[in-house]
Amino acid sequence: AFFAGHERTFRAELEDAIARGDRFAQLMYVVRDMMMNATVRDTLDAAEARADGVMEAFGDRGFQMEHLAELFERNHMALYRERGEVAYGLYTAAWKKIGQAQLMRLKPLRVETQSGRGRAALLLASSLPAGRRRSALIREAARLGDIIAAEAPDARTLVLGCPLTAGVAYLRGDVASAITR
């Protein structure tokens, strides 16, 4: 019942944004809410295709909030589908622009960005055999977890940082530490 109500509200708000010509609101509804709805309904391919069309209107002009929202949601979908190479590739492709974005001055966005890359690195590492690339990805996730832990502590740093350190411990074979994190 809750989800059906959310979906009805979402559709009405999206139609209103389209009617007003508000491309930013349209993008945020399509990228953020539609991808959540698509995960629940298992219609991810259709959601991605629709997001592609909306993102074309924004182009490649720096790295703005709409680009960050798209990155977060596409990463969530790749993680959900257990596509580590795709999820990690999204972040590596955008990482230079992310580093230059003024948005990274905002702690919540910075922490979520670091966590997303770390989770992608862990998923990819978990699919690889022992070796240099797997070790490098695990070290990267550990480094990102340390960066998040160094931020002023709050619920966001705990929720987004602790799973990285637990995942690193698990992939290093320290199951007991992974459980306590």
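Report follows, based on the coordinates. (Residues numbered from 1 in each chain as written. Predicted model: local features only at pLDDT ≥ 70, side-chain atom pairs only at ≥ 80, totals over all residues. Heavy atoms only, no water.)

**Here we look at the nonpolar core**
Threshold: Put simply, a nonpolar core is a bunch of buried Ala, Val, Leu, Ile, Met, Phe, Trp, Tyr and Cys residues held in one set by side-chain atoms that sit within 4.5 Å of each other. Each residue is placed in one exposure class: buried if its accessible area under a 1.4 Å probe, protein chains only, is under 20% of its type's maximum, exposed if it is over 50%, and partly exposed if it falls in between. Working definition: helices are DSSP H or I runs of at least four residues, strands are E runs of at least two. Numbering for both runs from the N terminus.
Counting 21 residues, the largest nonpolar core has Tyr88, Leu122, Leu137 and Val168 as the members making the most contacts within it. Elements represented by at least two residues in this core include exactly α4 (65–80), α5 (84–100), α6 (107–126), α7 (132–150) and α8 (155–171). If you tally residues by element for this core, the top one is α6, at seven residues. Counting residues in hydrophobic clusters, the runner-up holds 11 residues, among them Phe63, Phe72, Ala94 and Leu109.

**Notes on the packing of α4 against α6**
The cut-off we apply is this: Working convention: axes come from line fits to C-alpha atoms, limited for helices to the stretch in contact. Angles between N-to-C directions cover 0 to 180 degrees. For this classification, under 35 degrees means roughly parallel, over 145 means roughly antiparallel, 65 to 115 means roughly perpendicular, and everything else is oblique. When the near helix sits turned anticlockwise from the far one by under a right angle, the crossing is termed left-handed; a clockwise turn instead gives a right-handed crossing. We call two residues in contact when some of their heavy atoms are within 4.5 Å. Each residue receives one of three labels: charged for Asp, Glu, Lys and Arg, nonpolar for Ala, Val, Leu, Ile, Met, Phe, Trp, Tyr, Cys and Pro, and polar for the others, Gly being one of them.
Where α4 meets α6, the closest approach of the two axes is 11 Å, and the angle between their N-to-C directions is 30°. Considered as vectors, α4 and α6 are oriented roughly parallel to each other. Of the two elements, α4 crosses α6, and the hand of that crossing is left-handed. Touching Met65, Leu68, Phe72, Asn75, His76, Ala78 and Leu79 of α4 are Leu109, Glu112, Thr113, Gly116, Arg119, Ala120 and Leu123, all from α6. Considered class by class, the residues forming the contact of α4 with α6 number eight nonpolar, four polar and two charged.

**Notes on α4**
The following threshold applies: The length a helix should cover is 1.5 Å for every residue beyond the first.
Spanning 16 residues, α4 covers 22 Å between terminal C-alpha atoms, matching the ideal 22 Å at 1.5 Å per step. In terms of burial, α4 is a largely internal element, 13 of the 16 residues being buried. Looking one or two residues beyond α4, the residue adopting positive phi is Glu82, at roughly 60°.

**Details of unusual backbone geometry**
For Glu82, which is not glycine, the phi torsion reads 60° and is therefore positive. Turning to its location among the elements, Glu82 is positioned in the loop between α4 and α5.

**Section: the environment of Ala47**
Positionally, Ala47 belongs in helix α3 (residues 44–55). Look at Ala47 and you get buried, because its relative accessible area is 2%. Here the alpha-carbon distance between Ala47 and Arg74, two residues 27 residues apart in the chain, equals 9.9 Å.

**A short note on the packing of α7 against α8**
Helix-helix packing is described using two parameters, namely the angle between the two axes and the distance between the axes. As a packed pair, α7 and α8 sit with axes 9 Å apart at the nearest point and diverge in direction by 150°. One finds that α7 runs roughly antiparallel with respect to α8. Between α7 and α8 lies a crossing whose hand is left-handed. Side by side, α7 and α8 meet where Arg134, Ile138, Ala141, Ala142, Leu144, Gly145 and Ile148 of the first sit next to Thr157, Leu160, Gly161, Leu164, Val168 and Leu171 of the second. The residue makeup of the contact of α7 with α8, split by class, is nine nonpolar, three polar and one charged.

**What about α5?**
Since the α-helix turns once every 3.6 residues, residues separated by three or four places project in the same direction. Put simply, the rule reads: Bend is the name given here to the angle between axes fitted to two runs of seven residues, the run ending at a residue and the run starting at it.
For α5, with 17 residues, the first-to-last C-alpha span of 25 Å sits near the 24 Å given by 1.5 Å per residue. Along its length, α5 shows its largest kink, about 55°, at Ala94. What α5 keeps buried is the set Gly84, Ala87, Tyr88, Tyr91, Ala94 and Ile98. Those residues of α5 hidden inside the fold are in contact with α4, α6 and α7.

Keep in mind these values describe shape, not function.
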